[in-house]
Amino acid sequence: MASGARAPGPEDSVRTASPDRRGEKGVSAPTGAVGTLKSAASRVRSVVASPRPVKAKAGREAARRRLQLLPASHAQGRAEGAEVGEEEEEGAEVEEEEPLLSVPEEDEEEARPLPPVCMFPMRGMWRDEKVALYCDEVLQGCKAEDADGAMSKYLSEKLKLKGKWLGVWKTNPELFFVKYEEASIPFVGILVEVICKPHQSSSSCFKVTVSVAEPFSSNIANIPRGLVNEILEELEHSVPLLEVYPVEGQDSDNHDIALALEVVRFFYDFLWRDWDDEESCENYTALIEERINLWCDIQDGTIPGPIAQRFKKTLEKYKNKRVELIEYQSNIKEDPSAAETIECWKKYYEIVMLCGLLKMWEDLRLRVHGPFFPRILRRRKGKRDFGKTITHIVAKVITTDMVKDLSSDTLLQQHDDLDLALDSCYSGDTVVIFPGEYQAVNLALLTDDIIIKGVGKREEIMITSEPSHDSFVVSKADNVKLMHLSLIQQGTVDGIVVVESGHMTLENCVLKCEGTGVCVLTGAALTITDSEITGAQGAGVELYPGSTAILERNEIHHCNNLRTSDNSKSTLGGVNMKVLPTPKLKMTNNHIYNNNGYGVSILQPTEQFFIIAEAFNKGAASGDKKDDSMLSRVMQNLNLEMSNNKIEANLKGDIRIVTS
């Protein structure tokens, strides 16, 4: 099982491991070998630092070489810093101050800029190429418990291409610095010569022998070369291979090694989970393919940015908590006390919860096609005991002019918060919203039959989603109605409106999507009239099998804004129907235009009896000819009624049957 601490790099983190093996000292690289690498070198910055005194060789194994990094603006405050240390620890000996490290003297060697490294060879790979690389070439159908060995074998074969090469060793600044700003020094980089000896088992813990290469180069101009040499001697000149990045300008073998290193880093950083070999998995490569697809969906924007960040933070939190538990257990010297046992269990269950959350993310993959399980778990309130309904006015202040159109016997309740108004509703109530900007998490918990309507122009009643939430508007009420509103989606991953069950009506609304459009789940019904839907990453309206929808006098445009090369997703556009069982759709007087996929797409399995795949010319460009009689027969079988709709200027074409 691979493990280790992570050392931050400029673009990506790398897996590190504690030094546990002796290695040989490397020799300096010939000056000419790096002569072609000086162009486009990385920037060098000088720092003001207080180096610790070099300890004797006998004490090296117990000490880590560090520098006391001080911001230049605070260099004159060293004396005050020493006084603070005295106050924090009375009676302790005050260490003698070391001279500050600033600009090297003329006889001292200043580090030159680092040469550029081979940057991300995998970046240009397509999704299918990544899947083929990991599943077919590297893992080759192995089981989860054999994945570490497969990665080691792959890396060892690549390292045989060249036994000695130049690289940049990027390590955690904690190896050098006591105090530093992470933003200013994300890593410490040293140009080294690498000698590879393929002899270890775990690819994540591979060690290589390194020595400082000529000319002495670093991302920190005034770092003492003597300090670097002392640290390498302390480490026996043996560093984790995954911390070393081959430099550009060498040969094709070095590029292949750089690619192999990136393949291994990405595997342990994103694809590998420590629970994989603890659980039975019949097809491990299929699981890896799912994780690659998840990563690609994050990269190409299929999963909205805020949601992707939450997944990354959850994954990082899981890894950190696991390291915390391991370290806590290792610090228990003898039989654990009751308090220590309880703390271990607390940390363990926190890890288990994070593990379960990650599994849910991976299984569902938060695809653009909509939600995957019911979001609403709240019970219906039903009607009030005394049988009356209330009209809830949402405005900062209320005047008689605002309610003049209401009947004299109307029961009113005023709120300055939309969330409070929705929370106070019972079936039959009406929520009246006056112009302004609002947020309401209770829009994702609509269970009672209510009417929510704006007063004034629909563009002036703006309701925005909360980016940290998964859902925006979700309903399972028998009959709920939204009128004269603008719904603005920000970061939520589910559809901008999701009808889980029952019936929802959208009348004269503007839906500005950022993620998925309107989703109607199996058995649910939706009516949209005189509304506008735009900006969805997938289809503007998504009909799940067995759903029902009526669309009249709407504009659906500029949907399917996916940054992806996946053809199955690029077909989505204005309206998408999923069959088996067939949904029912009636479309009248709609304008569907300027969508990146088709105006209307019908997704159905290839084996369905009434579809003949050969009826379509797959080799033609977008807008290819279709068999009109076949399309008509399919529409009849699908209960699809279309009349007086204007479908134009869609990138792929007007209407298309898509096989899955």
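1. What to know about the overall build of the chain
A tally of regular secondary structure across the chain gives 11 helices and 34 strands. Here the chain holds 660 residues, and 49% of them are scored as buried. Long-range pairs, those at least 24 residues apart, make up 69% of the contacts in the chain between residues at least 6 apart in sequence. On the chain, roughly 31,700 Å² of surface is accessible, and the fraction owed to carbon and sulfur atoms is 50%.

2. A look at the sheet that holds strand β29 (residues 584-588)
Ordered in space as β11-β10-β12-β14-β17-β20-β23-β26-β29-β32, the 10 strands form an open sheet in which the pairing is parallel. Two strands in the sheet have a free side with no partner beyond their single neighbour: β11 (411-415) and β32 (640-643). Averaged over all adjacent pairs, the angle separating strand axes in this sheet is 10°, with direction ignored. Taken together, the 4 bridges between strand β12 (residues 430-433) and strand β14 (residues 451-454) define a ladder with parallel strand orientation. By the bridge assignment for β14, Thr 430 is matched with Ile 451.

3. Brief notes about helix α3 (residues 147-159)
For an α-helix the count is 3.6 residues per turn, leaving residues at separations of three or four pointing the same way. With 13 residues, α3 extends 18 Å between its outermost C-alpha atoms, agreeing within 8% with the 18 Å of an ideal straight helix rising 1.5 Å per residue. Considered for burial, the residues of α3 that qualify are Ala 147, Asp 148, Ala 150, Met 151, Ser 152, Tyr 154, Leu 155, Ser 156 and Leu 159. Summarising the contacts, the buried residues of α3 are in contact with α2 (127-138), α5 (252-271) and α6 (284-299).

4. Focus on the packing of α2 against α3
Contact pair α2 / α3: the axes reach a minimum separation of 10 Å and the direction vectors enclose 95°. Judged on the interaxial angle alone, α3 and α2 are roughly perpendicular. Between α2 and α3, the residues in contact are Leu 133, Glu 137 and Val 138 and Ala 150, Met 151, Tyr 154 and Lys 158, respectively. Here the contact of α2 with α3 is composed, by residue class, of 5 nonpolar, no polar and 2 charged.

5. Focus: the packing of α2 against α5
Here α2 crosses α5 at 100°, and the two axes come no closer than 12 Å. Relative to α5, the element α2 is oriented roughly perpendicular. Contacts between α2 and α5 pair Leu 133, Tyr 134 and Val 138 from the former with Glu 262, Val 263, Phe 266, Phe 267 and Leu 271 from the latter. Class assignment for the residues of the contact of α2 with α5 results in 7 nonpolar, no polar and 1 charged.

6. Considering the pattern of salt bridges
Close approach of charged atoms allows side chains with opposite charge to pair. Inspection of every chain in the model, using the stated rule, returns 19 salt bridges. The salt bridge partner of Arg 225 is Glu 214, with a shortest N-O separation of 2.6 Å. You can see Arg 225 sitting in helix α4 (residues 225-234) and its partner Glu 214 sitting in the loop between β7 (207-212) and α4, a full 11 residues away along the chain. On the accessibility criterion, Glu 214 (21% relative accessible area) is partly exposed. For Glu 648, the salt bridge goes to Lys 646, with nearest N and O atoms at 3.8 Å. You can call Glu 648 partly exposed: its relative accessible area is 31%. Exposure remark for Lys 646: the relative accessible area of 46% places this residue in the partly exposed category. Taken together, the salt bridges that share partners define one network made up of Lys 321, Glu 324, Glu 343, Lys 346, Lys 347 and Glu 350.

7. Digging into the side chain of Gln 489
Take Gln 489: it is sitting in the loop between β18 (486-488) and β19 (495-499). Here the side chain of Gln 489 touches Glu 514 through a polar contact of 2.9 Å, landing on its backbone nitrogen.

8. Digging into the environment of Leu 422
Along the chain, Leu 422 falls in helix α9 (residues 418-423). Taking the C-alpha atoms as reference, Leu 422 lies 9.9 Å from Asp 448; in sequence the two are 26 residues apart. Filtering out sequence-adjacent residues up to four positions away, Leu 422 remains in contact with Val 431, Ala 440, Asn 442, Leu 443, Ile 450 and Ile 452.

9. Overview of the nonpolar core
Looking at soluble globular proteins, one finds that nonpolar side chains tend to be buried together. In terms of nonpolar packing, the biggest core is built from 72 residues, with Tyr 134, Leu 139, Trp 169, Phe 176, Val 263, Phe 267 and Ile 288 touching the most fellow members. With 11 residues, the top contributor of residues to this core is α5. In this structure, Val 263 is in contact with Met 122, Leu 133, Tyr 134, Val 138, Met 151 and Tyr 154, ignoring residues within four places of it in sequence. In terms of nonpolar packing, the next biggest core, distinct from the first, is built from 54 residues, Leu 487, Val 520, Val 575 and Val 600 among them.

10. Some thoughts on the sheet that holds strand β8 (residues 238-240)
Within the open sheet, the 5 strands sit side by side as β8-β7-β6-β5-β9. Their pairing is antiparallel. This sheet does not close on itself; its edge strands, each paired only once, are β8 and β9 (244-246). Taking the axes of each pair of neighbouring strands and ignoring which way they run, one obtains an average angle of 50° across the sheet. Of the strand pairs in this sheet, strand β5 (residues 164-171) and β9 are connected by 3 bridges, and their pairing is antiparallel. Across the sheet, residue Trp 169 finds its bridge partner in β9, namely Val 244. In the packing of α4 onto the sheet, the strands contacted are β5, β6 (188-195), β7 and β8, and the crossing angle to β7 comes to about 155°. Against the sheet, α5 makes contact with β5 and β9, and its axis sits at roughly 145° relative to β9, the strand it touches most.

11. Looking at the packing of aromatic side chains
Applying the stated criterion to the full structure yields 10 aromatic pairs. Taking the centre distance of 6.0 Å and the plane angle of 50° together, the rings of Tyr 134 and Phe 266 count as tilted. In this pair, Tyr 134 is assigned in helix α2 and Phe 266 in helix α5, connecting sequence segments 132 residues apart. The structure contains a cluster of three or more aromatic residues connected by ring pairs, namely Tyr 134, Phe 266, Phe 270, Trp 295 and Phe 311. Sitting above the plane of the Phe 270 ring, Arg 273 keeps its charged end 5.8 Å from the centroid.

12. What to know about a negative patch on the surface
Together, Glu 145, Asp 146, Asp 277 and Glu 278 make up a negatively charged patch on the protein surface. With respect to the element layout, Asp 277 can be found in the loop between α5 and α6.

What counts and what doesn't
Residues numbered from 1 in each chain as written. Predicted model: local features only at pLDDT ≥ 70, side-chain atom pairs only at ≥ 80, totals over all residues. Heavy atoms only, no water. Helix = DSSP H or I, 4+ residues; strand = E, 2+ residues; numbered from the N terminus. Buried < 20%, exposed > 50% of the residue type's maximum accessible area, 1.4 Å probe, protein only. Contact = heavy atoms within 4.5 Å. Areas by Shrake-Rupley, 256 points an atom, 1.4 Å probe, with all protein chains shown as cover. Pairing = 2+ DSSP bridges. Axes fitted to C-alpha atoms, helices over the stretch in contact; angles between N-to-C directions. Expected span 1.5 Å × (residues − 1). Parallel < 35°, antiparallel > 145°, perpendicular 65-115°, else oblique. Nonpolar A, V, L, I, M, F, W, Y, C, P; charged D, E, K, R; others polar. Salt bridge = Lys/Arg side-chain N within 4 Å of Asp/Glu carboxyl O. Polar contact = N/O pair within 3.5 Å; in protein donor to acceptor, adjacent residues only side chain to side chain. Core = buried A, V, L, I, M, F, W, Y, C linked by side-chain atoms within 4.5 Å. Phe/Tyr/Trp six-rings, centres within 6.5 Å; stacked < 30°, edge-to-face > 60°. Lys NZ or Arg CZ within 6 Å of the ring centre and 35° of its normal. Patch = residues over 30% accessible without salt bridge, like charges linked within 9 Å, V, L, I, M, F, W, Y side chains within 5 Å. Lys, Arg positive; Asp, Glu negative; His and termini not counted. Charge placed at Lys NZ, Arg CZ, Asp CG, Glu CD.

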